[in-house]
Amino acid sequence: MIRQLLLSFSSVTICASLALCLAAEARSNEAVSFAQDVKPILAKRCFACHGPDTSEAGLAFDTFESAIAELDSGAQAIVPKDPASSEIIHRITSTDEFERMPPEGKPLSEDEVAIIRQWIQEGAEYEKHWSFQPVKQVTPPAVRDENWIRNDVDRFILARLESRGLKPAPQASRSVLARRLYYDLIGLPPTPDELAEFLSDQRDDAYERLVDKLLASPHHGEHWARHWLDVVRYAETNSYERDAPKPHVWKYRDYVIRSLNDDKPFDQFVREQLAGDQLDEVTVETMIATGYYRLGIYQDEPDDPLQVKADEMDDIVSTTGQAFLGLTVGCARCHDHKIDPFPQQDYFGLVAFMADITPFGQRNDFSNSLWYTGPPENKKKRDQLEREREELKKQRHQLEQVGIKRLPGKLQRQTETDDRKQVLKAHLDGVLTVAERQQYAKIGQQLTDVLSKLDALPRFEHILALAKTIEEPPTTHLHQRGNPHNPGEKIEPHFPEILGGIVPMDEPKASSNSRRRTLAEWITSPENPLTTRVMANRIWQHHFGRGIVRTPNNFGQLGIPPTHPQLLDYLATFLVDNDWRLKPLHRMIVTSSAYRMSSASSPDAMAFDPTNDLFWRYDMRRLTAEQVRDAVLVASGQLNRKLFGPSFYPDLSKEVLATQSRPGENWGKSDEAERARRSIYIHAKRSLLVPLLTAFDLPDPDSSCEARFNTTQPAQAFALLHSSFLHEQAGKLADRVRDVVGREDETAQVDQVIRFVLGRQSTEVEIDEGVELMSLLREQRQKDADEALRFYCLAALNFSEFLYLD
């Protein structure tokens, strides 16, 4: 045993040494990029003391001029083409703790030192950060193994692997690929019949046919809408103490689902959300899209209205920067961005574009956010009748108060409770004068007439939208130190300087009533270097478990650089060339050999690239929170595949309901059929997220979520073993199994459970273990046969194979 361990250790050591040698050789054969390779190291390890804000010892690395300048000591940190004379090399390689830089934390790795050394040797050229450079037209690289290539995506992946002496993992089995495709494209597992149909299809293009089928499924939009809703921090309530519902907000969710199902061009999708009320053709759909501006938290009782207004604008501007541009623009609210070339003036330049946005509401008045979809003349009539109704109700209340003052004290106090109507019905006539009673009856009749006229009007619909804007937006001023009570210089609408700068205000579209349209058109311009890269990266992220850029909301200098920058530019160009439609991009990615790799490990690759930066295999990953719940419903046969409509309320225990901000308020009761719908339709209440989903890393909807955590923690096991939902669905699954194979044959029952839960035939070991478990439950726990089967179903819904994509 010891000898085997030593041999194994030696093998791994040799593999690791070989991998390091190959890495060094590969590095020396490639030119070092300042933006992609060097600056991320400087930003993370050096800028704190030698960056844009601090230049200890006279040294700052944020510009070429300051980096090569003579230091206070007379030395020169960087001498282009001369690493030996560059003080930085001496300091980052020193073993003297008083000389070594950085002085705190771990020393730079050998690879990081090699990168900086090679960069200096090559001339130490500074260049604009990679994401601020134009998207390049990229030619897919040549590779040695042409047999592995299915499309151009594979060329970028394989070229990197071959340059490091690595090989891609073998292709996954057809059943694994089918399950992967179903979850990635529609978010649901294949049923046993669907899987069998694919496995029996022997046509050469069977895989591609399955891809096209799933992309055309109405459930595709449901699944991919969830990814977008994370980014735009979608929720259906306002947060704070009341956490009141946002009226009709679910229509925005349905708009996203429909847009993705219809493969709406992404540039149009962006323009509708940012300026749907300012387009040449304003429709109900484009107005629903402007509900984007109403998704954030809303404080209905601000103690400092000006500060709250600034906070709400920051929420919108920051989310817009992260969602569409992949930039943390909010970091420049109070001062110039500490890392990115984004001054405070540029932050308020974006604020100025959005200066016409009105608040979500004023106490109980949400007219700013509720847009009427009926004919204008009907709206005018309805508004007039509603004003009359409110005036009559006010007059009736005043007359009631006159009578209440004449009642005994005990009855007066009762009118302040839920008993008000009963008290008034029983006692009001007795305390009013004849004239007052006649007036009260007259008001009641008038109110009845008005309500009848309202009911007679044609049906109408309200949507949550940017229903009202400020016709003449106020002048935008920079907030000194981020304080709205301390306004500074006047700021005109303008694009970030690093990405284009000033907007010519003589352009018609830059006028005050179409500023957001100007912003939307700039964001969706093919010349914008960020938008297409950011979206292409998000698509890749949700197919491979992580993006080419691992920080999807941060393409700035503190974000993680792309592992395959040329591939990212190729995908961004492909998106534009295909009219900004996302489905062709999905199809190209999932039909590649890179996507079809298995998750099988390789000692060489693990030694060289343990985090799979090079995509040498497919990363196994756990299902998302919604996929876990939806897959349980599929297995039990209970999933209601109804599309669209108002959200539903899952059953929650009294203990859970007591945790919301105001226990007992605004949590409805849905019927069983509604509760079996997909998880995207669950009412998203900010103060009461569903525990089963939060256990599996449902994000906090108060801010944009670029990528969910993927944790493994005890609450997940508790949720799967003890939640009432899982026990209920295990019972439904057991009923379904008995309907198919009956009550007598336990072997057949176990096999059918495996088929429903895992979508495949059972093994002999699984049969034996399942039968044994049910036997133990009967004999040792005194469970009857039905209960024993239910508990086995519960155990099956906890299998790792059920919860993970391989």
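The structure displayed is predicted, hence computed values, not measured ones. (Residues numbered from 1 in each chain as written. Predicted model: local features only at pLDDT ≥ 70, side-chain atom pairs only at ≥ 80, totals over all residues. Heavy atoms only, no water.)

Asks: Pulling in residues and values, what's your account of the packing of helix α30 (residues 714–722) against helix α31 (residues 724–741)?
Replies: Running from amino to carboxyl end, α30 crosses α31 at an angle of 40°, the nearest separation of the two axes being 5 Å. Judged by the angle between their axes, α30 and α31 are oblique. Residues Ala-719, Leu-720, Leu-721 and His-722 of α30 lie in contact with α31, whose contacting residues are Ser-724, Leu-726 and His-727. Broken down by class, the residue content of the contact of α30 with α31 amounts to four nonpolar, three polar and no charged. (Axes fitted to C-alpha atoms, helices over the stretch in contact; angles between N-to-C directions. Helix = DSSP H or I, 4+ residues; strand = E, 2+ residues; numbered from the N terminus. Parallel < 35°, antiparallel > 145°, perpendicular 65-115°, else oblique. Contact = heavy atoms within 4.5 Å. Nonpolar A, V, L, I, M, F, W, Y, C, P; charged D, E, K, R; others polar.)

Asks: Run through a negative patch on the surface, naming residues and quoting values.
Replies: Together, Glu-764, Asp-768, Glu-769 and Glu-772 line one region of the surface with negative charge. You can call Glu-764 exposed: its relative accessible area is 67%. (Patch = residues over 30% accessible without salt bridge, like charges linked within 9 Å, V, L, I, M, F, W, Y side chains within 5 Å. Areas by Shrake-Rupley, 256 points an atom, 1.4 Å probe, with all protein chains shown as cover. Salt bridge = Lys/Arg side-chain N within 4 Å of Asp/Glu carboxyl O. Lys, Arg positive; Asp, Glu negative; His and termini not counted. Charge placed at Lys NZ, Arg CZ, Asp CG, Glu CD. Buried < 20%, exposed > 50% of the residue type's maximum accessible area, 1.4 Å probe, protein only.)

Asks: Give me the layout of surface pockets: which residues, what numbers.
Replies: Computed from the structure, the second largest pocket encloses a volume of approximately 790 Å³. Surrounding the second largest pocket, 43 residues form its lining, His-227, Gln-541, His-542, Gly-545 and Thr-624 being those nearest its centre. For the lining of the second largest pocket, the secondary structure elements donating two or more residues are α8 (174–186), α11 (218–231), α22 (531–544), α24 (582–590), β5 (621–622) and α26 (625–636). When residues of the lining of the second largest pocket are assigned to their parent elements, the largest contribution, seven residues, is made by α11. For the lining of the second largest pocket, a count of residues per class yields 19 nonpolar, 11 polar and 13 charged. (1 Å grid on protein atoms, 1.4 Å probe; cavity = no way out; pocket = protein on both sides within 12 Å on 5 of 7 lines; lining within 4 Å. Points joined across faces, edges and corners; volume = space filled by probe spheres on them.)

Asks: Describe the packing of aromatic side chains, with residues and values.
Replies: The full count for this structure, using the stated rule, is 27 aromatic pairs. The interplanar angle of 45° and the centroid separation of 5.0 Å between the aromatic rings of Tyr-298 and Phe-360 together place this pair among those described as tilted. Taken together, the residues span a long stretch of sequence, with Tyr-298 in the loop between α14 (284–289) and α15 (305–325) and Phe-360 in the loop between α16 (344–353) and β1 (370–372) at a distance of 62 residues. According to the relative accessible area criterion, Tyr-298 is buried, its value standing at 5%. An aromatic cluster is built from Trp-228, Tyr-234, Tyr-252, Tyr-255, Phe-266, Phe-269, Tyr-292, Tyr-293 and Phe-324, whose rings are joined through pairwise contacts. One cation-aromatic arrangement involves Arg-180 over Tyr-595; the distance from NZ or CZ to the ring centre is 5.7 Å. One cation-aromatic arrangement involves Arg-180 over Tyr-618; the distance from NZ or CZ to the ring centre is 3.4 Å. (Phe/Tyr/Trp six-rings, centres within 6.5 Å; stacked < 30°, edge-to-face > 60°. Lys NZ or Arg CZ within 6 Å of the ring centre and 35° of its normal.)

Asks: Go over the pattern of salt bridges with me, naming the residues and quoting the values.
Replies: Think of it this way: side chains of opposite charge can pair up when their charged atoms draw near. According to the stated counting rule, one finds 52 salt bridges in the structure shown. The salt bridge involving Arg-517 is made with Glu-521; its shortest N-O contact spans 3.0 Å. With Arg-517 and Glu-521 both in helix α21 (residues 515–523) and four residues apart, this pair spans about one turn of that helix. For Arg-517, a relative accessible area of 11% corresponds to the buried category.

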